[in-house]
Amino acid sequence: MKVIARVPAKINLMLSVGPVRSDGFHELATVFHAVSLYDEVSAVHADAVSVSVSGPYAEHTPADESNLAVRAARALARRARLRSGALLRVHKAIPVAAGLAGGSADAAGALLACDRLWGLRMPESRLSALAAGLGSDVPFALSGGTAVGTGRGERLRPVPVGGSLHWVLAFADGGLSTPEVYRRLDDLRSDRKVPAPAVPGELLAALSSADVDALAGLLHNDLQEAALALRPALGDTLRAGRELGALAGIVSGSGPTCVFLARDGVSAGALAVGLASSGTCASAVAVTGPATIGT
Ligand SMILES: C[C@](O)(CO)[C@H](O)COP(=O)(O)OP(=O)(O)OC[C@H]1O[C@@H](n2ccc(N)nc2=O)[C@H](O)[C@@H]1O
Ligand SMILES: Nc1ncnc2c1ncn2[C@@H]1O[C@H](COP(=O)(O)OP(=O)(O)OP(=O)(O)O)[C@@H](O)[C@H]1O
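Residues numbered from 1 in each chain as written. Chains lettered and ligands numbered in written order. Predicted model: local features only at pLDDT ≥ 70, side-chain atom pairs only at ≥ 80, totals over all residues. Heavy atoms only, no water.

(A) The UniProt feature "active site" (unreviewed entry) in the protein, seen in detail. UniProt marks Lys10 and Asp137 with the feature "active site" (unreviewed entry), using the numbering shown here. Spatial clustering of the annotated residues is evident: they stretch over 128 residues in sequence, but the largest pairwise C-alpha distance comes to 8.9 Å. You can see lysine 10 is positioned in strand β1 (residues 2-20). Residues in contact with lysine 10, not counting those within four places in the same chain, are Phe32, His33, Ala34, Gly99, Leu100, Ala101, Asp137, Phe140, Ser252 and Gly253. There is a polar contact of 3.2 Å between the side chain of lysine 10 and the backbone oxygen of glycine 99. If near-sequence neighbours (up to four positions away) are discounted, aspartate 137 is found in contact with Lys10, Phe32, Ala101 and Ser104. (UniProt positions renumbered as here; feature names shortened; annotations may be inferred. Helix = DSSP H or I, 4+ residues; strand = E, 2+ residues; numbered from the N terminus. Contact = heavy atoms within 4.5 Å. Polar contact = N/O pair within 3.5 Å; in protein donor to acceptor, adjacent residues only side chain to side chain.)

(B) Summary view of the domain arrangement of the protein. Domain assignment breaks the protein into domain 1 (2-158) and domain 2 (166-286). One C-alpha centre belongs to domain 1, the other to domain 2; they are set 22 Å apart. On the side of domain 2, 34 residues touch domain 1, which itself brings 31 residues to the contact. Of the roughly 2400 Å² buried where domain 1 meets domain 2, counting both sides, 65% is carbon and sulfur surface. Scanning the region where domain 1 abuts domain 2 turns up zero salt bridges. Linking domain 1 with domain 2 are 15 residue pairs in polar contact (both at pLDDT 80 or more). Elements with a contribution of two residues or more to the side of domain 1 that touches domain 2: β1, β2 (26-46) and β5 (146-151). Across the side of domain 1 that touches domain 2, the residue classes tally to 19 nonpolar, nine polar and three charged. (Domains from an automatic or database assignment. Buried area = accessible area lost by both parts, 1.4 Å probe. Salt bridge = Lys/Arg side-chain N within 4 Å of Asp/Glu carboxyl O. Nonpolar A, V, L, I, M, F, W, Y, C, P; charged D, E, K, R; others polar.)

(C) Quick peek at unusual backbone geometry. Across the junction of glycine 255 and proline 256, the peptide omega takes the value 5 degrees, indicating a cis bond. The residue proline 256 is located in the loop between β9 (248-251) and β10 (258-262) in this model. The backbone of arginine 121 sits at a positive phi, close to 50 degrees, despite the residue not being glycine. Summarising the element assignment, arginine 121 is placed in the loop between α2 (102-117) and α3 (124-134).

(D) Representation of the UniProt feature "domain: GHMP kinase N-terminal" (unreviewed entry) in the protein within the structure. Under the present numbering, the feature "domain: GHMP kinase N-terminal" (unreviewed entry) in UniProt falls on residues 67-145. End C-alpha atoms of residues 67-145 are separated by 25 Å, and the span's content is 57% helix alongside 9% strand.

(E) Structural detail: the site of ligand 2. Around ligand 2 there are 21 residues in total, and Ala97, Gly103, Asp106, Asp137 and Thr178 lie nearest to it. Separating a nitrogen atom of ligand 2 from a side-chain N or O atom of aspartate 106 is a distance of 2.8 Å. At 2.7 Å, a side-chain N or O of threonine 178 approaches an oxygen atom of ligand 2. When ligand 2 is considered free in solution it has 620 Å² of accessible area, and contact with the protein chains removes 79% of it. (Near = heavy atom within 4 Å. Areas by Shrake-Rupley, 256 points an atom, 1.4 Å probe, with all protein chains shown as cover.)

(F) Highlighting the packing of helix α1 (residues 68-79) against α2. The contact between α1 and α2 brings their axes to 7 Å, and the two run at 35 degrees. Crossing geometry of α1 relative to α2 is assigned as right-handed. Facing Leu68, Ala69, Ala72, Ala73 and Leu76 of α1, the residues of α2 in contact are Gly103, Ser104, Asp106, Ala107, Ala110, Leu111, Cys114 and Asp115. (Axes fitted to C-alpha atoms, helices over the stretch in contact; angles between N-to-C directions. Left-handed = near helix turned anticlockwise from the far one by under 90°.)

(G) Structural context of the site of ligand 1. Residues in close proximity to ligand 1 total 18 residues, the closest being Asn12, His26, Ser136, Asp137 and Tyr182. Burial of ligand 1 by the surrounding chains reaches 81%, relative to a free accessible area of 640 Å². Put simply, the parts of the chain that give the shell around ligand 1 at least two residues each are β1, β2 and α5 (178-188). Mapped onto the domain boundaries, the shell around ligand 1 takes at least three residues apiece from domain 1 (2-158) and domain 2 (166-286).

(H) Up close: the sheet that holds strand β11 (residues 282-286). In space, the four strands of this open sheet follow the order β9-β10-β7-β11, with antiparallel pairing throughout. At either margin of the open sheet sits one strand with a lone partner, and together these are β9 and β11. Adjacent strand axes in the sheet meet at a mean angle of 25 degrees when their direction is disregarded. Across five bridges, the pairing between strand β7 (residues 166-170) and β11 is antiparallel. Looking at β11, one finds that tryptophan 167 is bridged to valine 285. Sheet contacts for helix α9 (residues 234-243): β7, β9 and β10; angle to β10, the most-contacted strand, approximately 10 degrees. The strands touched by helix α10 (residues 265-277) are β7, β10 and β11; relative to β7, the strand with the most contacts, the crossing angle is about 10 degrees. (Pairing = 2+ DSSP bridges.)

(I) Fine view of the packing of aromatic side chains. The final tally for this structure, using the stated rule, is one aromatic pair. Ring geometry for phenylalanine 32 against phenylalanine 140: centres 4.7 Å apart, planes inclined by 10 degrees, an arrangement best described as stacked. Note that phenylalanine 32 is positioned in strand β2 and phenylalanine 140 in helix α4 (residues 138-143), a separation of 108 residues in sequence. There is no split in this pair, since phenylalanine 32 and phenylalanine 140 are both buried. Above the plane of the ring of tyrosine 38 lies arginine 6, whose end atom (NZ or CZ) is 3.8 Å from the centre. (Phe/Tyr/Trp six-rings, centres within 6.5 Å; stacked < 30°, edge-to-face > 60°. Buried < 20%, exposed > 50% of the residue type's maximum accessible area, 1.4 Å probe, protein only. Lys NZ or Arg CZ within 6 Å of the ring centre and 35° of its normal.)

Following this line, the structure appears as structure tokens:
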């Protein structure tokens with residue numbers, strides 16, 4: 001039997017970063033939004049867990065035991081006290097270290113695919129706890145849709161969205177390291193008092209009514225300042241997107257991908273073409289549901 005999980009990338013519509021906690025992580029309040037750009041993770045029975053990687057970003061992805069899909073499958077086998085293994089194949093269409101949680105998508109895909117392959121039917125709450133142990137973004141990668149994340153990002157509450165939203169992702173050459181971006185933010189605000197993180201109610205209201213004009217004024221990412229300090233060229237990308245008609249643009253997560261809000265699908269397509277013709281690789285995406293699993 002072969003099980004295939006298709007797992008979306010995420011963007012953060014709002015990322016409010018609070019003080020550093022005693023475990024070294026930052027307290028967050030964020031709005032995660034799964035978008036229509038997917039990695040695929042397939043699993044077949046094998047004696048041990050291993051991975052091979054294909055697709056446009058294969059050469060930037062580790063194919064050894066540091067691969068998050070391998071770590072996820074092993075963690076699941078340990079939790080279930082299984083000796084089973086799996087040959088995992090990851091098709092990477094989500095760029096690596098891009099602020100789109102591609103590694104987290106692969107970890108979630110491996111959990112879902114191996115849970116089905118090994119016939120475990122593990123309850124969602126236990127899968128989610130395992131996911132949190134693998135990375136702060138992995139629980140959201142399991143559930144998808146749109147959700148407020150708190151804690152270090154692993155505590156989730158679904159958020160209703162009243163209609164279709166259209167986004168354009170502008171990809172950058174080369175990734176940014178998430179820990180480095182958080183460290184740079186700490187340096188930049190070492191002389192400031194950091195308030196508790198919060199998601200404004202107006203943002204949730206704008207999502208619920210799919211009011212793109214209101215939403216445009218409410219997109220925000222506290223990590224953007226740090227990502228721009230590490231990669232100043234992102235400032236040019238953000239300006240280019242706005243000049244080409246985006247309602248708003250921010251850096252996604254820890255960057256360097258920039259995400260632009262478009263008024264509708266046609267404007268999103270035009271914006272992606274405009275960015276591409278000025279030399280920035282870009283793609284129009286829309287909100288999407290949870291990961292899908294098939295055999
Ligand atoms: C930037 C975001 O993508 C926004 O959703 C996430 O906060 C990052 O999530 P992630 O990549 O799954 O992060 P993890 O693998 O859990 O942690 C990587 C590193 O990011 C930093 N980190 C992450 C999450 C958090 N709440 N505070 C942090 O300071 C820490 O330095 C940590 O060592
Ligand atoms: N399956 C995987 N896919 C991508 N990266 C992986 C994978 N397994 C391990 N990694 C490592 O994880 C690191 C982060 O990769 P990822 O693509 O998840 O970053 P990111 O999108 O910036 O994450 P986030 O948005 O969650 O901060 C990379 O440096 C990469 O070497």
